[in-house]
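# Close look at the chain arrangement
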Amino acid sequence: MAYSSTDLNDTIVALATAPGVGAIGVIRLSGKEAISICNTFFHSKDLEKQDSHTIHFGTIRDEKGNILDEVLVSLFIAPKSYTKENVVEISCHGSNYIIQTIIQLFIRNGARTAQRGEFTMRAFLNGQLDLSQAEAVADLIASDSESSHQLAMAQMRGGFSQEIAKLRQELIDFASLIELELDFGEEDVEFANRDKLKALVEKIRNLLSRLIDSFTLGNVLKNGVQTVIAGRPNAGKSTLLNALLNEERAIVSDIAGTTRDTIEESLNINGVLFRLVDTAGIREAQDTIEAIGVEKTMEKIGQSSLLVYVFDAQQMTAEEVQKDLESLYSENIHMIVVANKADLKTDIVYSDYAHKNLEEGNFVILSAKQQTNISDLKQQLFSAVTDAKISMDNTIVTNTRHLEALQKSHESLSDVLNGMDMQITSDFIAMDIRRALAFLGEITGEISTDDLLGNIFGRFCIGK
């Protein structure tokens, strides 16, 4: 989706609240003619004579003078608005008929329907937000946990942008000196101190590495932590899922192989969202359907960030548990081992099950049926995320596009260092620095294309 300059000079209109019947609906107009279009059909005051950031009560009437609704009109006069254009927001009753009738009235009289994300697109193009802040608006709307909300708010307020801008400016300062050397190439002068440039590039590469490393944590905080509950049949996996959710979500039975397909639910622990997946028991399948379930279990384990391995402490031997741990362990998965049915076996101790891939702190003894020590497991799940090496107080990357740009910039700066070690000429060093600057500029939108912008804003809802 591309936006032309003609499109961006139009006055646009869209429903800003969620579609569907509700108490109220908010219709948003933005553009040079927003106030005058609304004013033509608003009966109460002359909106063009009112101050910005004021609210006015009156009626909206159609071309024949028929009253469509009693409304509140909020005025935001350029440049003091979200888009830095004239913006009008009409709060009307939440009837779909009323909302669409008013929108069509405005369209017939000079406005056009907004494209997806066009209000935020205009905010970006008019300098209200940079590109990473604009993307954070969509993340904020989609946030469904405290952690994803905090990350989106921090980015929308410009924390990430400021860090990138600072790095980029330091590079620009040195790049300008390198470019100056090219103008005096025949005189063999050196304006940019190579030792200082090398120290700066190494410092920026280290900062970029930290931001790149933060993506693992940022991604799970933004999208939820994929957490698989796995184990042998009758280990109590479904009972544990029900205990964690505090509701009867999964069918519980003494018959082995009851769970044939995966069951997925969300659990919020202290503001962090965990996407729990209850899986079919791992064993040699007794029929084709169960075989498919076991295959799905192994697939889900491979896709997860966290694995909660559950075993029946009354029935399974330490050797059987360790055999399972060997087959399930992966460097990419954090594993928590749950010794279940502690109400039936009271002498469970970690030392009996000690394994090279299992830390004692990740061994939880509980009874899912009696719901004892469930809080201990929740704390272990929470700690698995928050005890990461990256501090939550630091800037955290959550956007795949940003990650790719950071990685490419990091590679370009590595080329700068390699080139300096090989004593290549200033023009090649300048080229690598320019590439690094371009990739950093893509993050904040200082360097962008219509295709890139269309892809980003095309994911927004119409009214944002």
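Residues numbered from 1 in each chain as written. Predicted model: local features only at pLDDT ≥ 70, side-chain atom pairs only at ≥ 80, totals over all residues. Heavy atoms only, no water.

### Some points on the nonpolar core
- In terms of nonpolar packing, the biggest core is built from 30 residues, with Leu171, Leu197, Leu406 and Ile433 touching the most fellow members.
- The element that contributes the greatest number of residues to this core is helix H8 (residues 194-223), accounting for eight residues.
- Residues within four places of Ile433 in sequence aside, it is in contact with Leu171, Ala175, Ile178, Leu197 and Val416.
- Val225, Leu240, Ile263 and Ile336 belong to the second-largest nonpolar core, a separate cluster that totals 29 residues. (Core = buried A, V, L, I, M, F, W, Y, C linked by side-chain atoms within 4.5 Å. Buried < 20%, exposed > 50% of the residue type's maximum accessible area, 1.4 Å probe, protein only. Helix = DSSP H or I, 4+ residues; strand = E, 2+ residues; numbered from the N terminus. Contact = heavy atoms within 4.5 Å.)

### Some details on the sheet that holds strand S11 (residues 306-312)
- The strand order across the open sheet built from six strands is S9-S10-S8-S11-S12-S13, with neighbouring strands paired in mixed fashion. Two strands close off the open sheet at either side, each with one partner strand: strand S9 (263-269) and strand S13 (363-365). Neighbour-to-neighbour, the strand axes of this sheet turn through a mean angle of 25°, independent of strand direction.
- Note: S11 against strand S12 (residues 334-340), seven bridges, orientation parallel. Counterpart to Val308 in the pairing with S12 is Ile336.
- Set on the sheet, helix H11 (residues 318-328) makes contact with S11 and S12; between it and S11 the angle comes to about 160°. (Pairing = 2+ DSSP bridges. Axes fitted to C-alpha atoms, helices over the stretch in contact; angles between N-to-C directions.)

### Let's talk about the packing of aromatic side chains
- Going through the model one piece at a time under the given rule, you end up with five aromatic pairs.
- With a centroid separation of 5.6 Å and an interplanar angle of 65°, the aromatic rings of Tyr350 and Phe363 are classed as edge-to-face. Taken together, the residues Tyr350 in the loop between S12 and S13 and Phe363 in strand S13 connect sequence positions 13 residues apart. The burial state of Tyr350 is the same as that of Phe363; both residues are buried.
- One aromatic cluster in this structure is built from Tyr309, Phe311, Tyr350, Tyr353 and Phe363.
- In this structure, Arg28 is placed above the aromatic ring of Phe119, and the distance from its NZ or CZ to the ring centre is 5.3 Å. (Phe/Tyr/Trp six-rings, centres within 6.5 Å; stacked < 30°, edge-to-face > 60°. Lys NZ or Arg CZ within 6 Å of the ring centre and 35° of its normal.)

### What to know about the pattern of salt bridges
- Taken as a whole and judged by the stated rule, the model has 14 salt bridges.
- Across the salt bridge formed by Glu170 and Lys203, the nearest N and O atoms sit 3.0 Å from each other. Taken together, the positions of Glu170 in helix H7 (residues 159-183) and Lys203 in helix H8 put the pair 33 residues apart, joining distant regions of the chain.
- On the basis of relative accessible area, Lys203 is assigned to the partly exposed category, the value being 39%.
- Among the ionic contacts, a cluster of salt bridges with common partners joins Asp10, Glu85, Arg112, Glu118 and Arg122. (Salt bridge = Lys/Arg side-chain N within 4 Å of Asp/Glu carboxyl O.)

### Quick look at a nonpolar patch on the surface
- A cluster of nonpolar side chains, namely Ile55, Phe57 and Leu72, defines an oily patch on the protein surface of about 310 Å² accessible area.
- In this structure, Leu72 sits in strand S5 (residues 67-76). (Patch = residues over 30% accessible without salt bridge, like charges linked within 9 Å, V, L, I, M, F, W, Y side chains within 5 Å. Areas by Shrake-Rupley, 256 points an atom, 1.4 Å probe, with all protein chains shown as cover.)

### Notes on the pairing of strand S4 (residues 54-61)
- Where strand S3 (residues 42-43) meets S4, two bridges bridge the pair, whose relative direction is antiparallel. Bridge pairing links Phe42 to Ile60 in S4.
- In this structure, S4 lies alongside S5, joined through eight bridges in antiparallel fashion. Counterpart to Gly58 in the pairing with S5 is Val71.
- Count of turn residues in the S4/S5 antiparallel hairpin: five residues, of which Gly65 carries a positive phi of about 90°.

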